[in-house]
Amino acid sequence: DQQVKQNSPSLSVQEGRISILNCDYTNSMFDYFLWYKKYPAEGPTFLISISSIKDKNEDGRFTVFLNKSAKHLSLHIVPSQPGDSAVYFCAASGETSGSRLTFGEGTQLTVNP
Amino acid sequence: KAGVTQTPRYLIKTRGQQVTLSCSPISGHRSVSWYQQTPGQGLQFLFEYFSETQRNKGNFPGRFSGRQFSNSRSEMNVSTLELGDSALYLCASSLARGVEQFFGPGTRLTVL
């Protein structure tokens, strides 16, 4: 049972444009969501998070939107840069699961110069 | 502040052997979680330790175990290694639940 899903395995955008990465979840007990960026053979790097009491969180070029009724979140990167090319994972945790994170499958973002 | 460190970075073992991986969390972080990443299964939660107690456990066989020491450093052990245990093992630390977890670089385990 995949509780967190990233339906797009890959996304390609031009430098300077917006990248939008999507994530859906099924477990209504999830109340904290995170986005990580990962390069091969390295650990994930934390990007941005959002609590279920908010619907938007912004940090520089990164904005995360949460739509609780649709159980959907998205990560917007504006403007996209070639250095943003990596695999992006969304993750979720719930009050009853401690620090346990449930990850999506990841989306490979490629930003073309 | 130093990040999460994991040792060793790379390890090659043969089937049937056992292995111990080590993780040192960020100073002040008391929660340490372990994850397994494989191409087919993605990032899967193994277990979490907080103040030397296992607080949460994922769906892995009993061959996978862990512990946490009083200084918050953690080890995980895999006994009777199988080929399917080949993976990147990641450790993450955090101050508490509901805040971001920071990952180490991982230990790449290859079982031959």
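Residues numbered from 1 in each chain as written. Chains lettered and ligands numbered in written order. Predicted model: local features only at pLDDT ≥ 70, side-chain atom pairs only at ≥ 80, totals over all residues. Heavy atoms only, no water.

Draft legend 1. Focus on the sheet that holds strand S7 (residues 64-68) of chain B. Residue and element names in this part refer to chain B. What the four strands build is an open sheet, ordered S1-S3-S8-S7; its pairing is antiparallel. Edge positions in the sheet fall to strand S1 (5-7) and S7, since each has one partner strand and no second. Within the sheet, the average angular offset between the axes of one strand and its neighbour, ignoring direction, is 20°. As judged from the five bridges shared by strand S3 (residues 19-24) and strand S8 (residues 74-78), these two strands associate in the antiparallel manner. (Pairing = 2+ DSSP bridges. Helix = DSSP H or I, 4+ residues; strand = E, 2+ residues; numbered from the N terminus. Axes fitted to C-alpha atoms, helices over the stretch in contact; angles between N-to-C directions.)

Draft legend 2. Focus on the environment of Thr 5 of chain B. Residues and elements named next belong to chain B. Within the fold, Thr 5 resides in strand S1. The exposure class of Thr 5 is partly exposed, given its relative accessible area of 42%. Thr 5 has contacts with Ser 22, Cys 23 and Ser 24, leaving out every residue within four places of it along the chain. (Buried < 20%, exposed > 50% of the residue type's maximum accessible area, 1.4 Å probe, protein only. Contact = heavy atoms within 4.5 Å.)

Draft legend 3. Spatial organisation of the pairing of strand S11 (residues 107-112) of chain A. Residues and elements named next belong to chain A. Along S11, the buried face is formed by Thr 107, Leu 109 and Val 111; none of Gln 108, Thr 110 and Asn 112, which line the opposite face, is buried. As judged from the five bridges shared by strand S2 (residues 10-14) and S11, these two strands associate in the parallel manner. In the strand pairing of S11, Ser 12 is matched with Thr 110. Summarising the sheet, strand S9 (residues 86-94) and S11 pair through three bridges and their orientation is antiparallel.

Draft legend 4. Broad picture of the nonpolar core. Phe 33, Trp 35, Leu 73, Leu 75 and Tyr 88 of chain A are the most contacted members of the largest nonpolar core, which totals 23 residues. With four residues, S9 of chain A is the largest single contributor of residues to this core. Beyond its immediate stretch of four places on either side in the chain, Tyr 88 of chain A contacts Gln 6, Leu 21, Trp 35, Tyr 36, Lys 37, Leu 47, Leu 75, Ile 77, Gly 106, Thr 107 and Leu 109 of chain A. By size, the runner-up hydrophobic cluster in this structure holds 21 residues, among which are Phe 47, Val 78, Tyr 89 and Val 111 of chain B. (Core = buried A, V, L, I, M, F, W, Y, C linked by side-chain atoms within 4.5 Å.)

Draft legend 5. Quick look at the sheet that holds strand S8 (residues 72-77) of chain A. Residue and element names in this part refer to chain A. The antiparallel open sheet is built from five strands, whose spatial order is S1-S3-S8-S7-S6. In this open sheet, the two strands that pair with only one neighbour each are strand S1 (4-5) and strand S6 (56-59). Here six bridges tie strand S3 (residues 19-25) to S8, and the two strands are oriented antiparallel to one another. Paired with Leu 21 across the bridge in S8 is Leu 75.

Draft legend 6. Structural detail: the interface of chain B and chain A. Each partner contributes residues to the interface: chain B has 25 residues there, and chain A has 20 residues. Summed over both sides, the interface of chain B with chain A buries roughly 1,700 Å², with 54% coming from carbon and sulfur. One can count zero salt bridges joining chain B with chain A. At the junction of chain B and chain A, the tally comes to nine residue pairs in polar contact (both at pLDDT 80 or more). Elements with a contribution of two residues or more to the side of chain B that touches chain A: strand S4 (31-38), strand S5 (42-50), strand S6 (53-57), strand S9 (87-94) and strand S10 (102-103) of chain B. (Buried area = accessible area lost by both parts, 1.4 Å probe. Salt bridge = Lys/Arg side-chain N within 4 Å of Asp/Glu carboxyl O. Polar contact = N/O pair within 3.5 Å; in protein donor to acceptor, adjacent residues only side chain to side chain.)

Draft legend 7. Region of the structure containing the pattern of salt bridges. Residues and elements named next belong to chain B. Taken as a whole and assessed by the stated rule, the structure comprises eight salt bridges over all chains. The salt bridge involving Glu 75 is made with Arg 67; its shortest N-O contact spans 3.3 Å. With a closest N to O distance of 3.4 Å, Arg 73 and Glu 75 form a salt bridge. Given a relative accessible area of 16%, Glu 75 falls into the buried group. One connected set of salt bridges, linked through shared partners, spans Arg 63, Glu 82 and Asp 85.

Draft legend 8. A look at the packing of aromatic side chains. If you walk through the whole model with that rule in mind, you get 13 aromatic pairs over all chains. Plain terms: the ring middles of Phe 103 of chain A and Phe 103 of chain B are 6.1 Å apart, the flat faces sit at 70° to each other, and that makes the pair edge-to-face. Taken together, the positions of Phe 103 of chain A in strand S10 (residues 102-103) and Phe 103 of chain B in strand S10 put the pair across two chains. A single burial state applies to Phe 103 of chain A and to Phe 103 of chain B, both of which are buried. When the centroid spacing of 5.5 Å and the interplanar angle of 50° are considered together, the rings of Tyr 35 of chain B and Phe 103 of chain B count as tilted. Highlighted residues: Tyr 35 of chain B in strand S4 and Phe 103 of chain B in strand S10, separated in sequence by 68 residues. (Phe/Tyr/Trp six-rings, centres within 6.5 Å; stacked < 30°, edge-to-face > 60°.)

Draft legend 9. Representation of the layout of surface pockets within the structure. Size it by volume and the largest pocket reaches roughly 690 Å³. Lining the largest pocket are 33 residues, and of these Phe 103 of chain A together with Gln 41, Leu 43, Gln 44 and Phe 45 of chain B sit closest to its centre. The greatest single-element share of the lining of the largest pocket, amounting to four residues, is contributed by S5 of chain B. Here the lining of the largest pocket is built from residues that sort into twelve nonpolar, 16 polar and five charged. (1 Å grid on protein atoms, 1.4 Å probe; cavity = no way out; pocket = protein on both sides within 12 Å on 5 of 7 lines; lining within 4 Å. Points joined across faces, edges and corners; volume = space filled by probe spheres on them. Nonpolar A, V, L, I, M, F, W, Y, C, P; charged D, E, K, R; others polar.)

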